[in-house]
Amino acid sequence: MLNNIGLPGLLLIAVVVLVLFGRGKISSLMGEVGKGITAFKKGVKDGSEELENQAADEAKDVTPEDEKDKV
């Protein structure tokens, strides 16, 4: 069904959406989408940093102090 829309159909849909919602509403909606994407990327970055920190904590040297003195 969606394969038969073509460029003229997409332009018609875009014009109808623009008329129904107005330029201001669409621009504010796209701004909110951008903020959501930014928050998602920040969350992914924070999560990966947390996993790296956790892996680094687990990989700490656990050699007993008296064994370190012998080396």
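Residues numbered from 1 in each chain as written. Predicted model: local features only at pLDDT ≥ 70, side-chain atom pairs only at ≥ 80, totals over all residues. Heavy atoms only, no water.

Student: So what exactly am I meant to see when it comes to the overall build of the chain here?
Tutor: Looking only at helices and strands, the chain has 2 helices and 0 strands in total. Among the 71 residues that make up the chain, the fraction classed as buried is 1%. For the chain, the exposed surface amounts to about 6700 Å²; the carbon and sulfur share of it is 64%. (Helix = DSSP H or I, 4+ residues; strand = E, 2+ residues; numbered from the N terminus. Buried < 20%, exposed > 50% of the residue type's maximum accessible area, 1.4 Å probe, protein only. Areas by Shrake-Rupley, 256 points an atom, 1.4 Å probe, with all protein chains shown as cover.)

Student: How do you make sense of the UniProt feature "transmembrane region" (unreviewed entry) in the chain when you look at a structure like this?
Tutor: Under the present numbering, the feature "transmembrane region" (unreviewed entry) in UniProt falls on residues 6-22. Between the end C-alpha atoms of residues 6-22 the distance is 24 Å, and the span holds 100% helix and 0% strand. (UniProt positions renumbered as here; feature names shortened; annotations may be inferred.)

Student: Can you help me understand the pattern of salt bridges in this one?
Tutor: When charged atoms on two side chains of opposite charge get close, those side chains can pair. Under the counting rule described, the total for this entry stands at 2 salt bridges. For Glu32, the salt bridge identified is with Lys35, shortest N-O distance 3.8 Å. Residue Glu32 and its partner Lys35 are both found in helix 1 (residues 6-58); the two are separated by 3 residues, about one turn of the helix. (Salt bridge = Lys/Arg side-chain N within 4 Å of Asp/Glu carboxyl O.)

Student: I would appreciate a short explanation of a nonpolar patch on the surface in the present structure.
Tutor: A surface patch of nonpolar side chains, about 750 Å² in accessible area, is lined by Ile5, Leu10, Leu12, Ile13, Val16, Val17, Leu20 and Phe21. Along the chain, Leu10 falls in helix 1. (Patch = residues over 30% accessible without salt bridge, like charges linked within 9 Å, V, L, I, M, F, W, Y side chains within 5 Å.)

Student: Would you explain helix 1 in this entry?
Tutor: Each α-helix winds once per 3.6 residues, and so residues spaced three or four apart point in a common direction. Over its 53 residues, helix 1 extends only 55 Å from the first C-alpha to the last, a length that falls short of the 78 Å expected when each residue adds 1.5 Å. If you look at helix 1, its biggest bend is around 95°, right at Gly22. (Expected span 1.5 Å × (residues − 1). Bend = angle between axes of the 7 residues up to and from the residue.)

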